[in-house]
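Examining the three-dimensional arrangement
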Amino acid sequence: MKEIHSEVVAESIAASNHSRVLGCTRPKLSPSESRLSRAERSTLAQLRTGECHLLGDYLVKTGRAECATCPKCRFRRQSVQHLFNCDATPTNL
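Just so we're clear, the structure is a prediction, and the values are computed from it rather than from any experiment. Position numbers for residues start from 1 in each chain and track the written sequence from start to end. Where local features are concerned, this predicted model is filtered to residues with pLDDT of at least 70; where side-chain atom pairs are given and counted, the filter is 80 or more; whole-chain, interface and lining totals use all residues. For side-chain calculations, the full set of non-hydrogen atoms in the structure is used, while hydrogens and water are omitted.

1. Re the overall build of the protein chain
Segments assigned H or I by DSSP are reported as helices when at least four residues long, segments assigned E as strands when at least two residues long, and all are numbered from the N terminus. Of regular secondary structure, the protein chain possesses 4 helices and 2 strands. Along the protein chain, helices (α) and strands (β) appear in the sequence α-β-β-α-α-α when read from the amino end. Our radius of gyration looks at C-alpha atoms and nothing else; its globule reference is 2.2 Å times the residue count to the power 0.38. Computed over its C-alpha atoms, the radius of gyration of the protein chain comes to 16 Å, more than 25% above the 12 Å expected for a compact globule of 93 residues. The principal-axis extents of the C-alpha atoms in the protein chain amount to approximately 50 × 30 × 25 Å. Every residue pair with non-hydrogen atoms within 4.5 Å of one another is taken to be in contact. Taking all contacts inside the protein chain whose residues are at least 6 apart in sequence as the whole, residues at least 24 apart take part in 20%. Separation between the mean location of the 14 positive side-chain charges and that of the 9 negative ones in the protein chain comes to 5 Å. Asp and Glu are treated as the negative residues and Lys and Arg as the positive ones, with His and the ends of the chain left uncounted. Charge positions come from single atoms, namely NZ of Lys, CZ of Arg, CG of Asp or CD of Glu.

2. Some points on the environment of Ser-16
If you trace the backbone, Ser-16 turns up in the loop between helix H1 (2-15) and strand E1 (18-19). With 10 residues separating them along the chain, Ser-16 and Arg-26 place their C-alpha atoms 9.4 Å apart.

3. Notes on the side chain of Gln-78
Here Gln-78 is to be found in the loop between helix H3 (56-61) and helix H4 (80-83). Exposure classes here rest on a 1.4 Å probe applied to the protein chains alone. A residue is buried below 20% of its type maximum, exposed above 50%, and partly exposed in between. The class of Gln-78 is buried, set by a relative accessible area of 10%. What qualifies as a polar contact is a pair of N or O atoms within 3.5 Å, subject to a donor-acceptor requirement within protein and to the restriction that residues adjacent in sequence count only when both atoms come from side chains. For Gln-78, the side chain forms a polar contact with the main-chain nitrogen of Gly-56, separated by 2.8 Å.

4. Quick look at a nonpolar patch on the surface
Residues enter a patch when their relative accessible area is above 30% and they make no salt bridge; the linking distance is 9 Å between like charges and 5 Å between nonpolar side chains (Val, Leu, Ile, Met, Phe, Trp, Tyr). Note on areas: Shrake-Rupley with a 1.4 Å probe; residue coverage comes only from the protein chains shown. Here a salt bridge means any side-chain nitrogen of Lys or Arg lying within 4 Å of a carboxyl oxygen belonging to Asp or Glu. Together, Met-1, Ile-4 and Val-8 line one region of the surface with nonpolar side chains, adding up to about 380 Å² of accessible area. On the secondary structure map, Ile-4 appears in helix H1. Here Ile-4 falls in the exposed class, since its relative accessible area comes to 54%.

5. Describing the state of the cysteines
Here, two cysteine sulfur atoms that lie within 2.5 Å of each other are counted as a disulfide. Inspection of the entire model under this criterion finds 0 disulfides. In this structure Cys-70 is a free cysteine whose sulfur lies 3.8 Å from that of Cys-86, the closest cysteine sulfur available.

6. A few points about the pattern of salt bridges
A complete count under the given rule lists 3 salt bridges for this structure. The residue Glu-51 makes a salt bridge to Lys-61 at a minimum N-O spacing of 2.6 Å. Remark: Lys-61 occurs in helix H3 and Glu-51 occurs in the loop between helix H2 (38-49) and H3; sequence separation between them is 10 residues.

Structure below.
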């Protein structure tokens, strides 16, 4: 059963190669990701899907906030794309 499950999961992952966040084929994961804690990997997975409690977009979608404006720059909607492009919190990622 474990072998069958592993094969099905691997096939499913290979079949869904499009990233909603990036809007293109997703890159290979970095080996450095395996050194992250479970909580960090979980947050990354949530960000990849756009379903993360750290995003204003998600908080508005789930009814936990009325406004999705970024609390750092107070100008744009806080989405995954904005998180990595916010002028108030520059990053090289």
